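Summary of the model geometry
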Amino acid sequence: MKLNRKNLSALAPEIDVPAYDPADVRQGIAHIGVGGFHRAHQAIYTEALLNRGEAREWGICGVGLRREDRAMQQALAEQDHLYTMFVLGDEPGLEVRVVGAINGMLLAEDSPAALIDKLADPAIRIVSLTITEGGYCIDDSTGEFMAHLPDIQHDLAHPEAPRSVFGFLCAALAKRRAAGTPAFTLMSCDNLPHNGAVTRKALLAFAHLADHELAGWIDSHVSFPNAMVDRITPMTSDAHRAQLAERHCVADAWPVVCEPFLQWVLEDKFVNGRPAWEKVGVQFTDDVTPYEEMKIKLLNGSHLALTYLGFLKGYRYVHETMNDPLFRRYVRTFMDLDVTPQLAPVPGIDLDDYKDTLIERFSNQAIADQLERVCSDGSSKFPKFIVPTINRLIEDGRPLERAALVVAAWALYLKGVDETGTTYRIPDPRAEFCQALVADDDRVRERVLGVEVIFGTAIPQSAAFVTAFELCYDSLRKLGVTRTLQTLLGD
């Protein structure tokens, strides 16, 4: 049965449908970057409030800045902006829910002026973001805003027709300021350290280039809460669509699939009101830092530790990799010996329990999380998820082999051929640049570790790390993944 409002009452009884009339919901949030994660995370918390009869003024208007966002906009529009959240796990009876929290979507290329007007609308009190780790235009090696990027230069020259997220935000905030409209909260839901602080830095850097007075107003009136967000959300595949249709008789052009686990820790810094998300499981805090460090170093760092090795071995799913006892031991050892000693106590969290949960989540076979998804955009992920751990290991004089293996596996992965001889594409916006780093076998160490924007300065200057990297890289090339892991783990 095609998913739309007319058919809601005829859906299978095991499918949860909105307990409210979507037509009664007003938009109070504009979300830029409507992908799987937003639809399985922030939108679900908002949906839970709507189903309690609350938050009717906090519906979500989706926003797409890229040409590729048109496919999502069309899929949602053809279904009255409804979609299905399909929770997948190894236990039976997991949630299948139709979600109506997103009740519209605008595309920048259709009308920049209409999008600016929407963001300037007094009803919009929160603008949230999932624009990927690389979308903030911050140079990881210097921490500075990359004002030279073509879209940034275009927006500074043509503020009335922006292309970048920062051009649109500044245009809308300038309009709000001129009209005496209160500012909105700008809330990053991206998976990067201190995401609110990074958002603030990037927006103010752009604003100072465009209009110093506006930058001062933004600094005084806009808030940027930091957040820790967590839910594994694979790319939706045709197999997922078919599974939903076969099991539950729903024809959904773009369902979202996700794991059962869901977490959001959020600083309570909102200048213009917010939904009562604490009623539906969001943990508000004055300082998100310990939660953020825990999640980014343990979950995301461990994801990178297993993903490139798994891909080289010939695996294509996370659970396949975790079914291999060597990989499972390596990942848990990396967590226990390399990461955990670096973490401060996390209020309300037992780290051993958290790590046990991570192993279970990575091993979820039903979700079929793709290694390709985890591998993607490695050149942006390494500086945030692995490099801080390595820098601390170097500083503390601790063993480096397990962490060096993560970098060595990525370097060999960039060659585009796994141990079975299968070739594959490199899903990274800088793929051509990255693959050029490993084109000359005799200079891989020098060229890979020498990329300051990815690895900074401490790593290539550490003789111990360079040696560990060379040993790991040579072992992977000559002996393969299994023998390398056996040697590393003392088998």
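Computed from a predicted model, the values in this text were never measured in an experiment. (Residues numbered from 1 in each chain as written. Predicted model: local features only at pLDDT ≥ 70, side-chain atom pairs only at ≥ 80, totals over all residues. Heavy atoms only, no water.)

The next subject is the overall build of the chain. What the chain contains, in helices and strands, is 22 helices and eleven strands. For a compact globule of 491 residues, the expected C-alpha radius of gyration is about 23 Å, and the chain comes in at 23 Å, within 12% of that figure. If one aligns the C-alpha atoms of the chain with their principal axes, the spans along those axes are about 60 × 55 × 40 Å. Per-residue burial over the chain gives 56% buried out of 491 residues. Pairs at least 24 residues apart make up 78% of the contacts formed inside the chain by residues separated by at least 6 positions. Both charge centroids of the chain, one from 49 positive and one from 68 negative side chains, sit 1 Å from each other. (Helix = DSSP H or I, 4+ residues; strand = E, 2+ residues; numbered from the N terminus. Rg over C-alpha atoms; globule rule 2.2 N^0.38 Å. Buried < 20%, exposed > 50% of the residue type's maximum accessible area, 1.4 Å probe, protein only. Contact = heavy atoms within 4.5 Å. Lys, Arg positive; Asp, Glu negative; His and termini not counted. Charge placed at Lys NZ, Arg CZ, Asp CG, Glu CD.)

For the rest of this paragraph, the subject is the environment of Glu267. With respect to the element layout, Glu267 can be found in strand β10 (residues 263-267). Of the residues examined, Glu267 reaches a relative accessible area of 3% and is grouped as buried. Note: C-alpha distance between Glu267 and Phe284 (17 residues apart in sequence) is 5.5 Å. The residues touching Glu267, leaving out its near neighbours within four places in the chain, are Pro225, Asn226, Phe284, Thr285, Asp286, Asp287 and Val288. Only 3.3 Å separates the side chain of Glu267 from the backbone nitrogen of Val288, close enough to count as a polar contact. (Polar contact = N/O pair within 3.5 Å; in protein donor to acceptor, adjacent residues only side chain to side chain.)

Cysteine pairs can be covalently joined through their sulfur atoms, and such a bond is termed a disulfide. Under the defined criterion, the tally for this structure stands at zero disulfides. Free cysteine: Cys170, not disulfide-bonded; nearest cysteine sulfur from Cys137 at 12 Å. Judged by relative accessible area, which is 5%, Cys170 ranks as buried. Not engaged in a disulfide, the cysteine Cys375 finds its nearest cysteine sulfur in Cys434; these two sulfurs lie 13 Å apart. Assessed through its relative accessible area of 2%, Cys375 is described here as buried. (Disulfide = S-S within 2.5 Å.)

Turning our attention to the packing of aromatic side chains. For the coordinates displayed, the defined rule picks out 14 aromatic pairs. Residues Phe270 and Trp277 carry aromatic rings whose centres are separated by 6.4 Å and whose planes lie at 65° to one another, so their mutual orientation is edge-to-face. Taken together through their ring pairs, the aromatic side chains of Tyr308, Phe311, Phe382, Trp410, Tyr413, Tyr424 and Phe455 make up a single cluster. Between the NZ or CZ atom of Arg274 and the centre of the ring of Phe284, over which it lies, the distance is 3.8 Å. (Phe/Tyr/Trp six-rings, centres within 6.5 Å; stacked < 30°, edge-to-face > 60°. Lys NZ or Arg CZ within 6 Å of the ring centre and 35° of its normal.)

Once that is clear, we can look at the pairing of strand β6 (residues 126-129). Alternating residues of β6 divide into Ile126 and Ser128 and Val127 and Leu129, and every residue in both groups is buried. Strand direction decides the pairing type here: strand β1 (residues 27-32) and β6, joined by four bridges, are parallel. Considered in β6, the bridge of Ile29 is made with Ile126. (Pairing = 2+ DSSP bridges.)

Glycine aside, residues mostly have negative phi, and peptide bonds are mostly found in the trans state. Here Cys137, not a glycine, exhibits a phi torsion of approximately 60°, which is positive. Although it is not a glycine, Cys249 adopts a positive phi angle of roughly 60°. As for its placement among the helices and strands, Cys249 is situated in the loop between α9 (238-248) and β9 (256-258).

Pairing within the open sheet is mixed, and its three strands lie in the order β8-β10-β11. This sheet does not close on itself; its edge strands, each paired only once, are β8 (227-230) and β11 (283-285). Sheet twist, expressed as the mean angle between neighbouring strand axes with direction ignored, is 15°. When β10 meets β11, the two strands line up parallel, connected through three bridges. Within β11, the residue paired with Val265 across the bridge is Gln283. (Axes fitted to C-alpha atoms, helices over the stretch in contact; angles between N-to-C directions.)

As a further point, take the packing of helix α10 (residues 289-313) against helix α22 (residues 463-488). One way to put it is that α10 packs onto α22 with a least axis distance of 10 Å and a crossing angle of 115°. Accordingly, the angle class assigned to the pair α10 and α22 is roughly perpendicular. Between α10 and α22 lies a crossing whose hand is left-handed. Residues Leu309, Leu312 and Lys313 of α10 form the contact with α22, whose participating residues are Leu476, Val481, Thr482 and Leu485. Taken together, the residues of the contact of α10 with α22 sort by class into five nonpolar, one polar and one charged. (Parallel < 35°, antiparallel > 145°, perpendicular 65-115°, else oblique. Left-handed = near helix turned anticlockwise from the far one by under 90°. Nonpolar A, V, L, I, M, F, W, Y, C, P; charged D, E, K, R; others polar.)

Attention now goes to helix α16 (residues 387-396). Within the sequence span of α16, burial applies to Val387, Thr389, Ile390 and Leu393. Around the axis of α16, the buried residues are gathered within 160° of arc, so they sit on the same side. Just beyond α16, the residue with positive phi is Gly397, at close to 70°. (Arc of directions from axis to C-beta.)

The next thing to look at is the pattern of salt bridges. Overall, the coordinates contain 34 salt bridges when judged by the stated rule. Residue Glu95 pairs with Arg97 through a salt bridge whose shortest N-O separation is 2.5 Å. With a relative accessible area of 29%, Glu95 lands in the partly exposed category. For the salt bridge of Lys355 with Asp352, the shortest nitrogen-to-oxygen distance reads 3.6 Å. Placement of both Lys355 and Asp352 in helix α13 (residues 351-362) is noted, with a separation of three residues, approximately one turn of the helix. On the basis of relative accessible area, Asp352 is assigned to the partly exposed category, the value being 45%. (Salt bridge = Lys/Arg side-chain N within 4 Å of Asp/Glu carboxyl O.)

Take helix α17 (residues 401-413) next. End to end, α17 covers 18 Å across 13 residues, agreeing with the expected 18 Å (1.5 Å per residue, within 8%). A large share of α17 lies buried, amounting to twelve of its 13 residues. Where α17 is concerned, the buried positions are Arg402, Ala403, Ala404, Leu405, Val406, Val407, Ala408, Ala409, Trp410, Ala411, Leu412 and Tyr413. (Expected span 1.5 Å × (residues − 1).)

Turning our attention to the domain arrangement of the chain. Here the chain is described as being made up of domain 1 (3-284) and domain 2 (287-487). On a C-alpha basis, the centroid separation for the pair domain 1 and domain 2 is 29 Å. Between domain 1 and domain 2, the contact holds 32 residues from the first and 34 residues from the second. Around 2,700 Å² of area is buried between domain 1 and domain 2 when both sides are counted, 57% of it from carbon and sulfur atoms. Per-residue buried area on domain 1 facing domain 2 is highest for Asp140, Ile232 and Met235; these three make up 20% of the total on that side. At the boundary of domain 1 with domain 2, the tally comes to three salt bridges. Residue Glu259 pairs with Arg361 through a salt bridge whose shortest N-O separation is 2.4 Å. For the side of domain 1 that touches domain 2, the secondary structure elements donating two or more residues are β8 and β10. In terms of residues, the side of domain 1 that touches domain 2 owes the most to one element, β8, which gives four residues. In terms of residue class, the side of domain 1 that touches domain 2 is made up of 13 nonpolar, eleven polar and eight charged. (Domains from an automatic or database assignment. Buried area = accessible area lost by both parts, 1.4 Å probe.)

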